[in-house]
Amino acid sequence: MEKMEIRMELKELTEKMLDLLGISEVKDMPERIFWVVRMNDTSVYTAFSQMVPDLNIDWLQQIYQYYMADRKEKMQDYTPKNLAQFMSKLAGDGDVITDLCAGSGALTIQCWSRNNDQKFELYEVDENVIPILLFNMAVRNIECIVCHADVLQQEIYHTYQIKKGEKFGIFWEVENEKN
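Peer 1: So what exactly am I meant to see when it comes to the side chain of D99 here?
Peer 2: Looking at the secondary structure, you find D99 in strand β1 (residues 96–99). Engagement of the side chain of D99 in a polar contact is seen with the backbone nitrogen of C101, the distance being 3.0 Å. Those residues in contact with D99, other than ones at most four positions away along the chain, are L107, T108, E121, L122 and Y123.

Dropping the structure here:
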């Protein structure tokens, strides 16, 4: 029997997220989500988990890509679910998976949906999508290191960690060494 994909309209999803976060504009979403992650606000994680029908889907990617991605200057476009599923199979079942352009975490979510015990090293240059990436990892209890970094210049600006918790991941800010 083929798995039926559950969909939610972008407008409905966006309105539900704004309501959940207690904000009125999408542009405020990254800052508010970052606050939720930093506070390890499990009430928001719980409400989000109940709001979306399937955590194997990167729901926040849809909102970010439509409303916030910089497609002109940064040429940002995000990995479609089918491609992320294919790439997760190529990544295999190693102990640690590295994603050099993590975005909101589509590839990581697909790898996690195949193996909940994998750990991840995630790199992303766009500081605006980092909060969404961290939220996606914490709400799914995915253990990972997230680096705000320019991998082409080999520069790491800031490092965060999500450690496995009982139900949701626990956020830690990692002290970076100054060069």
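Peer 1: Just checking my understanding: could you explain helix α1 (residues 10–21) for this structure?
Peer 2: Residues separated by three or four positions in an α-helix point in the same direction, a consequence of the helix having 3.6 residues per turn. The end-to-end C-alpha separation of α1 is 16 Å, in line with the 16 Å expected for twelve residues at 1.5 Å each. Of the residues making up α1, those classed as buried are L13, T14, M17, L18 and L21. Each buried residue of α1 lies within a common arc of 130 degrees when the element is viewed along its axis, so the set occupies one face. In α1, the exposed positions angled more than 90 degrees off the buried face are occupied by K11 and D19. Residue G22 follows α1 closely and has a positive phi angle near 70 degrees.

Peer 1: How should I be thinking about the packing of α1 against helix α3 (residues 42–51) in this particular structure?
Peer 2: Packed helices, taken two at a time, are described by the angle their axes make and the gap between the axes. At their nearest, the axes of α1 and α3 sit 11 Å apart, and the two run at 160 degrees to each other. The pairing of α1 with α3 is recorded here as roughly antiparallel in orientation. Crossing of α1 against α3: the hand is right-handed. On the side of α1, the interface is formed by L13, K16, M17, L20 and L21, while α3 contributes V44, A47, F48 and M51. Of the residues contributing to the contact of α1 with α3, the split by class is eight nonpolar, no polar and one charged.

Conventions used here
- All residue numbers here refer to positions counted from 1 along the written sequence of the relevant chain.
- The predicted origin of the model limits local features to residues at a pLDDT of at least 70 and limits the giving and counting of side-chain atom pairs to 80 or more, whereas totals for whole chains, interfaces and linings rest on all residues.
- The side-chain numbers reported here are obtained from all heavy atoms of the structure, hydrogens and water having been left aside.
- Each helix is a run of DSSP H or I of at least 4 residues and each strand a run of E of at least 2, with the numbering of both proceeding from the N terminus.
- The term polar contact refers here to a pair of N or O atoms within 3.5 Å; inside protein, the definition further demands a hydrogen-donor-capable atom paired with an acceptor-capable atom, and it admits residues adjacent in sequence only when both atoms are side-chain atoms.
- It only takes one pair of heavy atoms within 4.5 Å for two residues to be counted as in contact.
- Take the residue count of a helix, subtract one, and multiply by 1.5 Å to get its expected span.
- The buried label goes to any residue with under 20% of its type's maximum accessible area, the exposed label to any with over 50%, and the partly exposed label to all in between, with areas taken from a 1.4 Å probe on protein chains only.
- Throughout, the arc means that of the directions going from the helix axis to the C-beta atoms.
- For helices, the fitted line uses only the C-alpha atoms of the stretch in contact; every axis is such a line through C-alpha atoms, and the angle between N-to-C directions lies from 0 to 180 degrees.
- For classification, angles of less than 35 degrees are called roughly parallel, those exceeding 145 degrees roughly antiparallel, those between 65 and 115 degrees roughly perpendicular, and all remaining angles oblique.
- The sense of a crossing depends on the near helix, which, turned anticlockwise from the far helix by less than a right angle, makes the crossing left-handed and, turned clockwise, makes it right-handed.
- Amino acids are sorted into nonpolar (Ala, Val, Leu, Ile, Met, Phe, Trp, Tyr, Cys and Pro), charged (Asp, Glu, Lys and Arg) and polar (every other residue, Gly among them).

By themselves, these are just geometric observations and shouldn't be taken as functional.
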